[in-house]
Amino acid sequence: MVSQTSFLLFYFIIIIIIIIVALIMPEGHARHHHHHHLHHRHSHPASQISAPPEASPPAAPPPSGSDDWRVYDVRMFGAIGDGATDDTDAFMNAWENACQIDSGVLLVPYGYTFMIQSTIFTGPCQNGLVFKVDGTIMPPEGPEVWPTDYSRRQWLVFYRVNEMALRGHGLIDGRGQPWWDLPCKPHKARYGRIVQEPCDSPVAIRFFMSNNIRVEGIRMKNSPQFHFRFDGCQNVHIQSIYITAPPLSPNTDGIHIENTNNVEIYNSVISNGDDCVSIGSGCYDVDIRNITCGPSHGISIGSLGKHNSRACASNITVRDSVIKNSDNGVRIKTWQGGSGAVSGVTFRKIHMENVRNPIIIDQFYCLTKDCSNGTSAVQVSDIEYSDIKGTYDIRSPPMRLACSDAVPCTNITIGDVELLPSRGALVLDPFCWNAYGEMHALTIPPVACLLQGFPRSVLENDVGIC
């Protein structure tokens, strides 16, 4: 009886084991097949679409929290971001990677401060490149620590770059104070003497021979010299940027353009020690809109024609803007002895607040007292001032149109201008010299000094040919 019971128990256990083995074998086989499938998938070659070109350095992984393989965080290339370590090489390596793929992004992350030396970021790059500044970038602190083998005329240069955007919500800090304090700068020295010797200081951001450029959202402060400079560029769009420097900081123009066309500067705030926007020779098709400017030296075309050079600028519009607490409002300035032309300029819907020279044409521009009159000049013609209102500083007249003796200004039109003194009741008369044009609507004060007609001397002179 006992032996029979043991046999049945043994038989029952054998049956249970067979059933368990039968149940688990398919799952085990499937798992083994799945592992083989994964191994086989990873053995495929990498996608030729997502891989960078073979000649490029190995790409860094995307930053933490991002699954976009196109983002090249400078920290992944060794940047420290402590404000003291030289992070130049890391930026250059990140640039080389981002430059070589479509829509690559060089990321300057939020919460870090990166110090980089004078650097040239060279193209051409693939389309859609973004230099995204969410953190802070700054140069070495002043001329004493500037490397002797690095250019003292420029800091960050973008050369031959097309289809690029410089954007972000970060800060570019030029650390300009030590440069402004150099004795060769045009500022008052210890005993009140003004020193005006030539002196090299770096432009903060320069775009050179680059096309289809966008600058958006960037904050910049205290450049040693110009904050932005565009040379030989086409199709430049600047929007929603903020530039600030002290009112007495020398040569700290906000945006300077030279030999650059199809430019849009919109919705920005600029406060500095020189021109908010300065437009040099070779510029045309420029549209400036909704700019808050000042304290500053205003918005200027020029200076043009220095050293008897030929200078041309045309089709320029400044509109819907505010200029406040500035030495000048809207200005055209040329040197004696030059040639060429400024034409097709419109200043419209501009509000002035306590501006010393709200409307000014100065064809006797000179930085010393020994400039002599020339027998030629840059011709100024087809200039419109309309809907310009606000207050002026009574130390200067509200309008000053000082045109060349040799080449008068022609076709100046003024209408709907209302400029009152910021303090007191004195309304100064406008000043005109050799300026031809007419009023199209009532102005305050009236511009009775404009000459009528068209001067014969301009018809007989070819200096205005561009």
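Residues numbered from 1 in each chain as written. Predicted model: local features only at pLDDT ≥ 70, side-chain atom pairs only at ≥ 80, totals over all residues. Heavy atoms only, no water.

**Considering the overall build of the protein chain**
Our working rule: Counting from the N terminus, the helices are DSSP H or I runs at least four residues long and the strands are E runs at least two residues long. When accessible area is computed with a 1.4 Å probe and restricted to protein chains, residues below 20% of their type maximum are described as buried, those above 50% as exposed, and intermediate ones as partly exposed. We call two residues contacting when some pair of their heavy atoms lies within 4.5 Å. Per-residue and other accessible areas were derived by the Shrake-Rupley procedure at a 1.4 Å probe size, with only the shown protein chains allowed to occlude residues.
Helix and strand counts for the protein chain come out as four helices and 30 strands. Classification of the 466 residues of the protein chain by burial places 49% in the buried group. Put simply, 74% of the contacts in the protein chain that link residues at least 6 apart link residues at least 24 apart. In the structure as shown, the protein chain presents an accessible area of about 22,800 Å², 54% of it carried by carbon and sulfur atoms.

**Regarding the environment of His227**
We apply this condition: Any N or O atom pair separated by 3.5 Å or less is treated as a polar contact, with the protein-specific requirement of one donor-capable and one acceptor-capable atom, and with residues adjacent in sequence counted only for side-chain atom pairs.
Tracing the sequence through the fold places His227 in the loop between strand S13 (219-221) and strand S14 (228-231). Through-space distance from the C-alpha of His227 to that of Val203 is 6.1 Å; in sequence the pair is 24 residues apart. Filtering out sequence-adjacent residues up to four positions away, His227 remains in contact with Ala204, Ile205, Met220, Lys221, Asn222, Ile243, Thr244, Ala245, Thr252, Asp253 and Gly254. Reaching out from His227, the side chain makes a polar contact with the backbone oxygen of Thr252 at a distance of 3.4 Å.

**Some remarks on the pattern of salt bridges**
Let me state the cut-off plainly: For this document, the term salt bridge refers to a Lys or Arg side-chain nitrogen within 4 Å of an Asp or Glu carboxyl oxygen.
Scanning all chains against the criterion turns up 16 salt bridges. For Arg175, the salt bridge identified is with Glu141, shortest N-O distance 3.2 Å. Separated by 34 residues along the polypeptide, Arg175 in the loop between strand S10 (171-173) and helix H3 (177-180) and Glu141 in the loop between strand S7 (136-138) and strand S8 (154-159) bring together distant segments of the chain. We classify Arg175 as buried; its relative accessible area is 19%.

**A short note on the pairing of strand S15 (residues 234-239)**
Operational definition: Only strands that DSSP links by at least two bridges are regarded as paired with each other.
The sheet contact formed by strand S12 (residues 211-216) and S15 spans five bridges and is parallel. Counterpart to Arg214 in the pairing with S15 is His237. In this structure, S15 lies alongside strand S18 (residues 261-271), joined through five bridges in parallel fashion. Bridge pairing in S18 links His237 to Glu264.

**Topic: a nonpolar patch on the surface**
Short version of the rule: Note on patches: the residues involved have over 30% relative accessible area and no salt bridge, like charges join within 9 Å, and the nonpolar side chains Val, Leu, Ile, Met, Phe, Trp and Tyr join within 5 Å.
A contiguous nonpolar surface patch, about 330 Å² in accessible area, is contributed by Leu420, Val427, Leu442 and Ile444. Mapping Leu442 onto the fold places it in the loop between strand S30 (435-439) and helix H4 (456-459). Exposure remark for Leu442: the relative accessible area of 68% places this residue in the exposed category.

**Here we look at the state of the cysteines**
In protein structure, a disulfide is the covalent linkage between the sulfur atoms of two cysteines. Our working rule: We call a pair of cysteine sulfur atoms a disulfide whenever their separation is within 2.5 Å.
Considering all chains together, one arrives at six disulfides under this definition. Two residues share a disulfide in this structure: Cys184 and Cys199, whose sulfurs sit 2.1 Å from each other. Separated by 15 residues along the polypeptide, Cys184 in the loop between H3 and strand S11 (203-208) and Cys199 in the loop between H3 and S11 bring together distant segments of the chain. At a sulfur-sulfur separation of 2.1 Å, the disulfide partner of Cys276 is Cys293. When the S-S torsion is 95 degrees, as for the bridge of Cys276 with Cys293, the disulfide is right-handed. Here Cys276 is found in the loop between S18 and strand S19 (277-279), whereas its partner Cys293 is found in strand S20 (residues 283-293), with 17 residues between them in sequence. In this pair, the class of Cys276 matches that of Cys293, namely buried. Not engaged in a disulfide, the cysteine Cys233 finds its nearest cysteine sulfur in Cys283; these two sulfurs lie 9.8 Å apart. What makes Cys233 buried here is its relative accessible area of 1%.

**As for unusual backbone geometry**
Omega for the bond connecting Gly123 with Pro124 falls within 30 degrees of zero, at 0 degrees, which places this linkage in the cis form. Relative to the assigned elements, Pro124 resides in the loop between strand S5 (119-122) and strand S6 (129-133). Cis geometry is found at the peptide bond from Ile444 to Pro445, where omega equals -5 degrees. Within the secondary structure layout, Pro445 lies in the loop between S30 and H4. Positive phi is not limited to glycine here, since Arg160 has a value of about 55 degrees. Summarising the element assignment, Arg160 is placed in the loop between S8 and strand S9 (162-167). Within the chain, Met209 stands out as a residue other than glycine whose phi angle is a positive 55 degrees.

**Overview of helix H2 (residues 88-99)**
The cut-off we apply is this: By this rule, a helix spans an expected 1.5 Å times one less than how many residues it contains.
The terminal C-alpha atoms of H2 lie 16 Å apart, and with twelve residues this matches the ideal 16 Å at 1.5 Å per residue to within 8%. Taken together, the buried positions of H2 are occupied by Thr88, Ala90, Phe91, Ala94, Trp95, Asn97, Ala98 and Cys99.

**What about the environment of Tyr150?**
Mapped onto the elements, Tyr150 comes out in the loop between S7 and S8. Considering only alpha carbons, one finds Tyr150 and Ser118, 32 residues apart in sequence, at a separation of 6.2 Å. Sequence-distant contacts of Tyr150, defined by excluding residues within four places in its chain, comprise Gln117 and Ser118.

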